Amino acid sequence: MSYSIAEIAQTLSIAYEGDGDLRITSVAEPADAAADQLAIAMKPEFAKGLAQGSARAAMMWQGADWQGFGLKAVLLAPRPRYAMSGLSAMLDPGPEYPTGIHPSAVISPEATLGENVSVGAFAVIEAGAEIGDNSLIGPQCYIGTQARIGQGALLHAGVRVCHRVTIGDRLIAHGGACIGADGFSFVTPEPSGVEKARASLGEEGTDSAQSWARIHSLGGVSIGDDLEIGANSCIDRGTVRDTRIGNGCKLDNLVQVGHNVVIGNDCLLCSQVGVAGSSVIGNNVVLGGQSGVSDNISIGDRAILGGASVVLSNVPAGRVMLGYPAVKMDTHVESYKGLRRLPRLFRDVAELKKAVSKLTGTH
Amino acid sequence: MSYSIAEIAQTLSIAYEGDGDLRITSVAEPADAAADQLAIAMKPEFAKGLAQGSARAAMMWQGADWQGFGLKAVLLAPRPRYAMSGLSAMLDPGPEYPTGIHPSAVISPEATLGENVSVGAFAVIEAGAEIGDNSLIGPQCYIGTQARIGQGALLHAGVRVCHRVTIGDRLIAHGGACIGADGFSFVTPEPSGVEKARASLGEEGTDSAQSWARIHSLGGVSIGDDLEIGANSCIDRGTVRDTRIGNGCKLDNLVQVGHNVVIGNDCLLCSQVGVAGSSVIGNNVVLGGQSGVSDNISIGDRAILGGASVVLSNVPAGRVMLGYPAVKMDTHVESYKGLRRLPRLFRDVAELKKAVSKLTGTH
Amino acid sequence: MSYSIAEIAQTLSIAYEGDGDLRITSVAEPADAAADQLAIAMKPEFAKGLAQGSARAAMMWQGADWQGFGLKAVLLAPRPRYAMSGLSAMLDPGPEYPTGIHPSAVISPEATLGENVSVGAFAVIEAGAEIGDNSLIGPQCYIGTQARIGQGALLHAGVRVCHRVTIGDRLIAHGGACIGADGFSFVTPEPSGVEKARASLGEEGTDSAQSWARIHSLGGVSIGDDLEIGANSCIDRGTVRDTRIGNGCKLDNLVQVGHNVVIGNDCLLCSQVGVAGSSVIGNNVVLGGQSGVSDNISIGDRAILGGASVVLSNVPAGRVMLGYPAVKMDTHVESYKGLRRLPRLFRDVAELKKAVSKLTGTH
């Protein structure tokens with residue numbers, strides 16, 4: 001697989017300069033690039049490496065002095081990261097799973113596979129499951145009874161889609177992702193310590209020892225189109241209705257989405273995010289790595305949580321939040337500046353007390 | 001599968017009113033409910049949806065004006081969430097794994113399976129393993145050498161129970177759960193930076209570069225009856241003795257229980273909780289989502305950690321904790337109120353300094 | 001398997017006293033030890049249990065009065081935890097996976113296996129993969145196309161090594177670990193709310209709804225020698241070059257290492273740690289449980305992050321950090337002491353204001 005600089009520029013709808021016929025086979029960082037590789041030098045500090053490598057072509061920022069770096073050709077992207085999306089899609093050879101139905105796969109005769117579906121070794125597809133056209137179910141995947149997966153899915157090795165889960169088109173899911181395990185919902189015969197602590201804001205805990213009764217998850221999981229779900233991430237099924245995620249959402253690795261949660265379209269959930277049961281998240285929301293959303297919370301459209309923020313109450317649309325508990329980012333920054341200056345404040349107040357007590361003649 | 005309202009009321013030991021012969025097949029939210037579904041309308045705000053749906057029967061709070069909502073029958077639960085437990089158990093069709101021993105399963109001739117055990121496709125059961133009566137080992141599960149699993153277990157697809165792990169009756173485990181991986185225990189030939197930093201409370205770090213020697217986990221994991229373990233959760237084996245979890249504990253997804261940890265009975269560990277090595281947790285403890293327990297800590301019975309709290313020192317019985325580091329919930333709330341009001345405090349002190357310096361004539 | 005006390009002392013290069021011919025078969029805690037077990041009693045508080053157990057030999061601290069505890073022999077370690085490393089390696093029977101190539105394994109004829117390689121049931125090894133001598137690929141493992149694994153690897157059941165991942169010698173990886181899933185890298189056509197919020201420190205969020213374009217991960221993962229990777233941990237592949245981890249690093253369970261991250265040698269990443277994309281971590285760094293490192297951060301050699309710390313800016317070499325956001329540990333301790341004393345400070349300032357306003361005659 002190789003592409004000319006002119007072909008790439010055309011596919012990405014960006015400009016190039018120099019020798020459009022120069023062909024590249026893959027990408028590399030500037031210092032590592034061989035003669036047939038395209039150096040990725042999006043910023044001046046990355047371009048320094050070009051001298052150590054052997055690249056003859058690079059993708060650079062607009063206005064870059066590419067000839068001064070000894071290159072023969074350059075791709076010039078007005079928004080380099082966005083151009084990188086198209087370029088990387090062109091050049092990705094992918095995992096190269098074998099295609100076709102592997103003879104070891106256990107596929108129920110009551111499952112329905114579309115046109116051009118591949119199923120890897122040791123995959124299991126249960127009765128009533130439906131797989132859309134052009135989907136690839138990787139080795140060792142599990143698709144439960146009556147699960148429905150749309151067209152063009154790519155399930156990497158070891159993905160689990162549980163019974164009665166519904167998934168739209170073009171899902172990408174990574175190894176160990178578990179879509180549709182039971183929700184975590186338990187109840188004690190009498191009010192538990194957690195219920196009392198919440199009602200009393202922590203003044204009262206529990207005084208009795210009770211065992212937990214299980215609330216079964218009668219709902220499933222419904223997921224829209226163009227989802228990506230990271231390795232070992234978990235999306236739990238709902239109690240009465242489905243847990244729901246809209247179109248275009250991207251979940252990183254080790255993310256937890258609890259039962260009954262509703263997530264809109266085009267949200268990003270970075271690694272290790274946790275969204276507790278029954279919370280509702282709007283569209284275009286970004287949850288930074290390790291951030292958490294408490295249960296029964298509402299997060300408005302376009303809200304952004306900084307990394308490791310923990311939201312304990314509703315967040316309005318468009319709000320940028322940080323901290324634990326999360327507050328508006330600028331409020332958080334001001335509070336923490338104050339926290340760092342606290343020791344000095346204590347000293348100031350101690351001195352003031354002395355001065356005032358002298359003035360008042362007390363003490 | 002369908003049930004009459006009277007049957008449900010009898011099974012759950014709750015009251016009903018109206019037409020006890022009305023039959024329902026499943027549950028739904030009020031607005032989505034079809035005529036043969038039971039609407040779940042536990043609170044007045046949920047009951048509003050009844051007008052949009054077609055439910056003829058609902059589960060409601062005591063005293064609800066069910067006839068005013070046009071219903072033919074109602075189940076009245078004194079504690080609706082608890083009634084939901086029994087109701088959901090009645091109506092859950094479950095994952096419907098095929099029963100029997102799948103011909104592809106690799107079961108050691110030296111393993112012992114009880115009566116009525118099912119084993120799914122591509123499951124592996126090693127030598128010396130014992131599986132109790134009426135257990136279902138799902139597809140792609142792994143049961144290591146000499147592992148013992150009690151009666152009535154339900155292991156969903158892809159659960160891993162490692163060698164010499166001991167599990168009581170009625171375990172439910174979800175995909176990707178890993179019970180009995182090695183503990184994370186390493187030591188340097190000379191005292192490491194971590195040891196020095198702990199001893200000196202952070203004043204002294206490490207100055208030398210050493211490699212880590214592995215401490216093998218010679219213990220296993222011992223788990224009681226009625227455990228539930230969520231998807232992709234991990235319970236590590238102990239160093240000298242077993243890591244231990246009592247009866248009735250429920251672990252959500254992506255939970256980590258470190259080596260040598262001891263957990264009592266009837267604890268809840270919500271999603272993404274981490275309990276570090278050798279900590280001891282009592283009975284009926286609730287650890288909120290993303291909360292953490294440092295190593296070698298003791299947590300008393302009935303303690304509750306709010307979401308994302310991090311416990312760095314022992315917690316007495318019954319205490320409700322919040323924050324990082326976690327403190328009593330009301331202390332935490334007061335501190336954080338103060339933090340938010342800090343900027344004003346700095347301004348007040350600055351003004352006081354001015355006023356006092358005027359009074360004293362200094363500066 | 002049994003060892004004499006003298007053999008153990010010689011292997012661990014430590015001293016023993018008493019009957020060197022006494023043989024032990026395994027270890028136990030003092031109170032649980034049978035006559036053929038070595039009691040592990042590293043500290044005086046653990047030695048008390050010897051009276052309840054039946055141990056005739058123990059590993060103890062130097063200077064311990066072992067005869068006073070009724071023992072026949074003792075191993076005396078100058079650094080007991082380090083001696084435990086060697087002792088536990090001697091006594092660990094391990095998981096006892098069957099050796100040889102299981103007939104059910106699907107191994108591409110284009111894969112290359114070294115001498116004495118074992119492959120478990122339902123493992124998949126794709127075309128172009130290379131496995132070094134004396135490695136054990138456990139049951140249900142997946143090794144992608146062109147992945148290379150060095151000598152002496154131990155991959156427990158259910159490990160996934162994705163395509164074009166390169167791993168050194170003596171890897172130990174636990175169930176569900178996923179090495180080489182795609183990085184989490186998405187971009188919007190126009191600057192997104194996250195980009196704006198970062199540029200403006202949170203004053204400006206996003207105002208437009210855009211969908212996310214995927215940046216494919218063209219790089220892989222390169223890992224050195226002597227790595228250990230915990231259960232369900234994830235290491236993502238790089239965008240242009242490989243994500244890299246040096247020699248001797250140990251990763252606990254549920255750890256996330258993002259795309260393009262570079263980690264040096266001999267680092268410890270405790271459970272549930274997250275390292276976001278493109279961050280660079282030096283040698284001998286210790287990241288405590290649940291700690292997080294923001295993207296594009298640099299962490300110097302020998303730095304230590306306390307449990308649950310979150311690093312939002314660069315950390316110099318040797319620094320011990322704590323908190324969220326993480327600061328020097330002693331600064332953090334001082335700040336938090338201040339936070340706890342804040343309510344009293346507010347009262348002091350209120351009183352001062354009263355006193356000063358009396359003095360100045362205002363109000």
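Refer to the structure printed above.
Before going into details, it helps to say that this report is about the structure given with it. Bear in mind the structure is a predicted one, so any value in this text is a computation, not a measurement.

Examining the nonpolar core
The nonpolar side chains of soluble globular proteins are, as a tendency, buried together. In this structure, Leu155(A) and Leu155(B) are the most contacted members of the largest nonpolar core, which totals 120 residues. Only β20 (178–181), β23 (221–223) and β25 (234–236) of chain A, β20 (178–181), β23 (221–223) and β25 (234–236) of chain B together with β20 (178–181) of chain C provide two or more residues apiece to this core. Look past the residues within four positions of Leu155(A) in its chain and what remains in contact with it is Leu136(A), Ile137(A), Gly138(A), Cys141(A), Ile143(A), Ile149(A), Val161(A), Leu171(A) and Ala173(A). Core analysis: the next-biggest nonpolar cluster, separate from the first, contains 51 residues, Val117(C), Ile229(C), Val255(C) and Ile263(C) among them.

So, the interface of chain B and chain C
The interface of chain B with chain C comprises 83 residues on the first partner and 77 residues on the second. Across the interface of chain B and chain C, roughly 6,200 Å² is buried in total on both sides, 63% from carbon and sulfur atoms. Its largest share of buried area at the contact with chain C, chain B owes to Phe184(B), Trp212(B) and Tyr324(B), together 12% of the area lost on that side. The residue Glu96(C) makes a salt bridge to Arg164(B) at a minimum N-O spacing of 3.5 Å. By residue number, the principal contributor to the side of chain B that touches chain C is helix α6 (residues 342–360) of chain B, which donates eight residues. Class assignment of the residues belonging to the side of chain B that touches chain C gives a composition of 39 nonpolar, 29 polar and 15 charged.

Section: the packing of α6(B) against helix α5 (residues 329–360) of chain C
Packing of α6(B) against α5(C) brings their axes to within 10 Å, and their N-to-C directions diverge by 35 degrees. Between α6(B) and α5(C) the crossing geometry is left-handed. For the pair formed by α6(B) and α5(C), the contact residues are Leu342(B), Leu345(B), Asp348(B), Val349(B), Leu352(B), Ala355(B), Val356(B) and Leu359(B) on the first element and Leu342(C), Leu345(C), Phe346(C), Val349(C), Leu352(C), Lys353(C), Val356(C), Leu359(C) and Thr360(C) on the second. In terms of residue class, the contact of α6(B) with α5(C) is made up of 14 nonpolar, one polar and two charged.

Concerning the pairing of strand β38 (residues 320–323) of chain A
Residues and elements named next belong to chain A. Pairing of strand β36 (residues 304–305) with β38 involves two bridges; the strand directions are parallel. Counted as the bridge partner of Leu-305 is Met-321 from β38. The pairing of β38 with strand β39 (residues 326–328) spans three bridges and is antiparallel. Bridging across to β39, Gly-323 finds its partner in Ala-326. Hairpin connection from β38 to β39: two residues lie between these consecutive antiparallel strands.

Basis of the calculations
- Residues numbered from 1 in each chain as written.
- Chains lettered and ligands numbered in written order.
- Predicted model: local features only at pLDDT ≥ 70, side-chain atom pairs only at ≥ 80, totals over all residues.
- Heavy atoms only, no water.
- Core = buried A, V, L, I, M, F, W, Y, C linked by side-chain atoms within 4.5 Å.
- Buried < 20%, exposed > 50% of the residue type's maximum accessible area, 1.4 Å probe, protein only.
- Helix = DSSP H or I, 4+ residues; strand = E, 2+ residues; numbered from the N terminus.
- Contact = heavy atoms within 4.5 Å.
- Buried area = accessible area lost by both parts, 1.4 Å probe.
- Salt bridge = Lys/Arg side-chain N within 4 Å of Asp/Glu carboxyl O.
- Nonpolar A, V, L, I, M, F, W, Y, C, P; charged D, E, K, R; others polar.
- Axes fitted to C-alpha atoms, helices over the stretch in contact; angles between N-to-C directions.
- Left-handed = near helix turned anticlockwise from the far one by under 90°.
- Pairing = 2+ DSSP bridges.

Spatial relationships are all this shows, so hold off on functional conclusions.
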